[in-house]
Amino acid sequence: MKELENRAIYEFLKRFSDIILCIIATIIAMPVMIITCVFVVLESNGNPIYSQERLGKYGRPFTLYKIRSMGFDAEKNGPQWADINDARVTNIGKFIRKTRIDELPQLYNILKGDMTIVGPRPERSVFTYEFEKSIPGFTNRLEVKPGLTGLAQVNGGYDLTPSEKLNLDLRYIEERNFKNDLKIIFKTVIVVFTGHGSR
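None of these values were measured; they are calculated from a predicted model. (Residues numbered from 1 in each chain as written. Predicted model: local features only at pLDDT ≥ 70, side-chain atom pairs only at ≥ 80, totals over all residues. Heavy atoms only, no water.)

### Some remarks on the packing of aromatic side chains
Rules: Aromatic rings from Phe, Tyr and Trp, with only the six-membered ring used for Trp, were paired whenever their centres fell within 6.5 Å, and each pair was classed as stacked if the ring planes differed by under 30 degrees, edge-to-face if by over 60, and tilted otherwise. Helix and strand labels come from DSSP, where a helix needs a run of H or I of at least four residues and a strand needs a run of E of at least two; each type is numbered from the N terminus. For every residue, the accessible area obtained with a 1.4 Å probe (protein chains only) is divided by the maximum for its type, and the residue is called buried under 20%, exposed over 50%, and partly exposed between those limits.
Taken as a whole, this structure holds four aromatic pairs when the rule is applied. Ring geometry for Tyr10 against Phe178: centres 5.1 Å apart, planes inclined by 70°, an arrangement best described as edge-to-face. Within this pair, whereas Tyr10 is found in helix α1 (residues 2-43), its partner Phe178 is found in helix α6 (residues 178-194), the two being separated by 168 residues in sequence. Since its relative accessible area comes to 33%, Phe178 is described here as partly exposed. Between Phe127 and Phe131 the ring centres are 6.4 Å apart and the planes differ by 20°, which places this aromatic pair in the stacked class. Taken as a pair, Phe127 and Phe131 lie in helix α4 (residues 125-134) at a separation of four residues, close to a single helical turn. Phe131 shares its class with Phe127; the two are buried. Members of the aromatic cluster, joined through ring pairs, are Phe127, Phe131 and Phe138.

Below, the structure written as structure tokens:
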């Protein structure tokens, strides 16, 4: 019972801190997002903001927003997993993916309540259920809200296999607390400056 109470307090305070931190971060990041969107449009035609359906807590779909880092018709042949040195990524896209600037619009997703700052990265349904077939339990990542950053993102990101990502995500879900969240946020800052695990 005590553990459930502590978990409830943690979830409440986590949501409260998400809102406060996102409001502050949005104010600071807005000029960066606007300038980045201008560069995106100058390099390739089309909307600089990219929207895509992802799976949230308990598998509920929601619309995730990113600054477009690929050509406007990047998925004309259907959903594709991002490769290392992916040819679809634009020149400005390489920079914003490395620095994670492309993820900044997800501050809106956090304010809406679709996401949280720290949690498993939200995945597309087509890949989630594809991985579930070969990696039983992959959908267990959906037990909590997806995050802007997470344990898997600061320990390899795109360089991890789906199985490795699952193990780290489940470890986070089992051990999640404010101390671990702060460690992940700190490591995220390091990842942003080093570009580790980006594609």
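### Points about the nonpolar core
What tends to happen in soluble globular proteins is that the nonpolar side chains get buried as a cluster. Condition: Grouping buried Ala, Val, Leu, Ile, Met, Phe, Trp, Tyr and Cys residues that are joined through side-chain atoms within 4.5 Å yields what is termed a nonpolar core. Two residues form a contact once any of their heavy atoms are found within 4.5 Å.
With 27 residues, the main nonpolar core has Ile67, Tyr172 and Ile184 as its most contacted residues. Residue assignment for this core shows that the elements contributing at least two residues are α1, β2 (61-67), α2 (91-98), α3 (106-112), β3 (116-118), α5 (162-175) and α6. Per element, the largest residue contribution to this core is six residues, and it comes from α1. Among all residues touching Ile67, those that are not within four sequence positions of it are Met33, Thr36, Cys37, Val40, Pro48, Ile49, Ile96, Ile101, Asp102 and Pro105. Core analysis: the second largest hydrophobic core is formed by five residues, Phe127, Ile135, Phe138 and Leu166 among them.

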